Amino acid sequence: MTRHFDWLVLGAGSAGSVIARRLSDDPGLSVGLVEAGGFPADPDIDDPLQWPALPGRAFDWAYRTEPQPHTADRCHDWPRGRLVGGSSCMHAMAHVRGHPEDFEPWRHAGGDRWSYASLLPAFTRSESFSGGDTSGRGTDGPLDVILPDDAVSPVVRAYMAAGNALGAPELGDHNRGRLNGTAPNSLTLRNGRRLSVATAYLDPQILARDNLTLLTEHRVDRLLIEGPRATGILARHTGQPVTLTADRIVICAGAIASPMLLMRSGIGSADTLRQIGVDCRFDSPEVGRNLQDHLLVLGNVYRARQSVPPSRLQHSESLMYLDSSDLSARHTQPDIVLACVVAPSAAPGFETPPYGTAYTLLCGVTHPASRGVVKPGSADPDQPPLIDPHYLSTDHDRATFRTALQLARQLGHHKALEAWRDCEVLPGADMRSDAELDAFIARTASTHHHPCGTCRMGRDETAVVDPDLRINGLGNAFIVDASIMPAIPSGPINAAVVAIAEHWAAGLKTP
Ligand SMILES: Cc1cc2nc3c(=O)[nH]c(=O)nc-3n(C[C@H](O)[C@H](O)[C@H](O)COP(=O)(O)OP(=O)(O)OC[C@H]3O[C@@H](n4cnc5c(N)ncnc54)[C@H](O)[C@@H]3O)c2cc1C
């Protein structure tokens, strides 16, 4: 017998965990939460220091990009969590709301309700902040956010001091509206362990609700559509087809899987659908387009003159956002990010000194102009997506990256780091010219793991979802996840994904 729900939520990652919790707060609604993966079982997931070791394990979708002409023709690995908690089970736990101006393109696309000011209550509602001044922060939300103090590495303290000496304001906390300056990373940890969004929002009491059913190991192949409505889904469980029906559907499968699911269901560019042999139900040419991601150069590595104590947090303890035209600017939107990793961190193919004898400065561009695309190579859900982020395809991105690397080195050679620095290992003291720096960036830039934007929200006809996040072409189905972002925020995006989900759930109006 086919099971029927009032709501089906597709994907139990960061956004899906929030949505399932908030929808099932209403005992009058039955909610089915459908997840391709299982429950987290690998103990390394909980250990904050192990996050770099998680990609490639059985619970990783393990996507890979097409070769990128502007990054030395490299294909980039894109890990994404395939388990309850999604990518929040693999992420580096940094919690950054973003700069208020990051949300101006959202406001432009969706109206005032998508401004930073309108999203603030959602950010606050999601958090349980500890570790400092709690004004402007949530203190009783599901997601624990800590601001480390004593645990911050002395190397990272010296790097922040170097930033301050170059003019960067001493910020202390990234999440009070201002972003430029030095601060340790706020982290989503509970009792020193990773707190995934699923652990935070779907604790055993929530999962025990009579009106919430979590179906793990159910991979959704496509939506079932009749006229302008989605009536259910076709999924696969232990190799067998499963049909589930619902009055309403929320897709929370993430920036890669959500557009893929739409296209397999016949919503996408008519040309693309024709190429893969899927009947076009609604020509929505922007599905899968507008793909954005942050890159980080791995890395500006220094051999240490004394032994580097191991990180007590998650290795990468401090992001530093800067306006490169004025490092002391407090309020402007940053264009550059630096980071300090308490370990050698380099792209494949580069030699580094052993662990404990080196540290690394990373650098990146907060608002890349490059826009990519994700599309299916076939209608078969077992086939991987074709991901082309068009990395570094604009002059703006390449020039800003060069500035970022120059700034990282300036900071790395500052006397505030003298007690730690022996010598620069990468790119290496003799690498100076623009051409040499550009070549190093092309060979080492790697994803910061923030793909988004592939089901862009907007009021215009070609937007994939409208400001209610309702899929254009379907009256009763929504997308709520990283894919709806019209533009990438300055920093890591998990906090914003959770806020999108909280905001949508709070403003939900029955269609
Ligand atoms: C290695 C790494 C480090 C990162 N570091 C940070 C960080 O420090 N800070 C930060 O803010 N962000 C970080 N991120 C990014 C952040 O984790 C993601 O942006 C965020 O989790 C995205 O949330 P989402 O709900 O859009 O997608 P996800 O959390 O990826 O959830 C999507 C869910 O849908 C499921 N799904 C997909 N397809 C199907 C299908 N066909 N059927 C059923 N289920 C399906 C998936 O299995 C998954 O559970 C990192 C990400 C990675 C991978």
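Parameters and conventions
Throughout, residues of each chain are indexed from 1 in the direction in which the sequence is written. For a predicted model such as this one, the threshold for reporting local features is a pLDDT of at least 70, and the threshold for listing and counting side-chain atom pairs is 80 or more; totals across whole chains, interfaces and linings nevertheless cover every residue. Note that water and hydrogens are dropped before the side-chain values are worked out from all heavy atoms of the structure. UniProt positions are given in the numbering used here, feature names are shortened, and annotations may be inferred rather than shown by experiment. For this description, a residue counts as near a given molecule or strand if any of its non-hydrogen atoms is within 4 Å of it. Pairing of N or O atoms within 3.5 Å defines a polar contact, subject to two protein rules: one partner must be a possible hydrogen donor and the other a possible acceptor, and residues neighboring in sequence count only if both atoms are side-chain atoms. Methods summary: accessible areas were calculated by the Shrake-Rupley approach with a probe of 1.4 Å, and residue burial reflects only the protein chains presented. Helix numbering and strand numbering both begin at the N terminus, where a helix is a DSSP run of H or I of at least 4 residues and a strand a DSSP run of E of at least 2. Ring geometry is summarised as follows: Phe, Tyr and Trp rings, the Trp one being its six-membered ring, pair when their centres sit within 6.5 Å, and such pairs are stacked at plane angles under 30 degrees, edge-to-face over 60 and tilted between the two. The rule is short: NZ of Lys or CZ of Arg within 6 Å of the ring centre and within 35 degrees of the ring normal puts a charge over the ring.

- The chain is annotated in an unreviewed UniProt entry as GMC family oxidoreductase N-terminal domain-containing protein from Pseudohoeflea coraliihabitans.
- A UniProt comment under Cofactor (unreviewed entry) is attached to the chain, and it reads "FAD".

## Side note on the site of the ligand
- Residues in contact with the ligand amount to 36 residues; listed here are only the nearest, Ser14, Glu35, Ser87, Val220 and Asn494.
- One of the side-chain N or O atoms of Glu35 is found 2.6 Å from an oxygen atom in the ligand.
- Backbone polar atom of Ala94 to a nitrogen atom of the ligand: 2.9 Å apart, as the coordinates give it.
- In the complex, 98% of the free accessible area of the ligand, which totals 1,000 Å², lies under the protein chains.
- Elements supplying a minimum of two residues to the shell around the ligand: helix H1 (14-24), strand E10 (218-226), helix H7 (254-264) and helix H11 (494-506).
- Here the element with the most residues in the shell around the ligand is E10; it accounts for three residues.

## Overview of the packing of aromatic side chains
- Following the criterion strictly, the structure yields twelve aromatic pairs and no others.
- Of the aromatic side chains, those joined through ring pairs into one cluster are Phe103, Trp106, Trp114, Tyr116 and Phe123.
- Positioned over the ring face of Trp61 is Arg82, at 4.1 Å from the centre of the ring.
- The side chain of Arg137 reaches across the aromatic face of Phe129, ending 3.9 Å from its centre.

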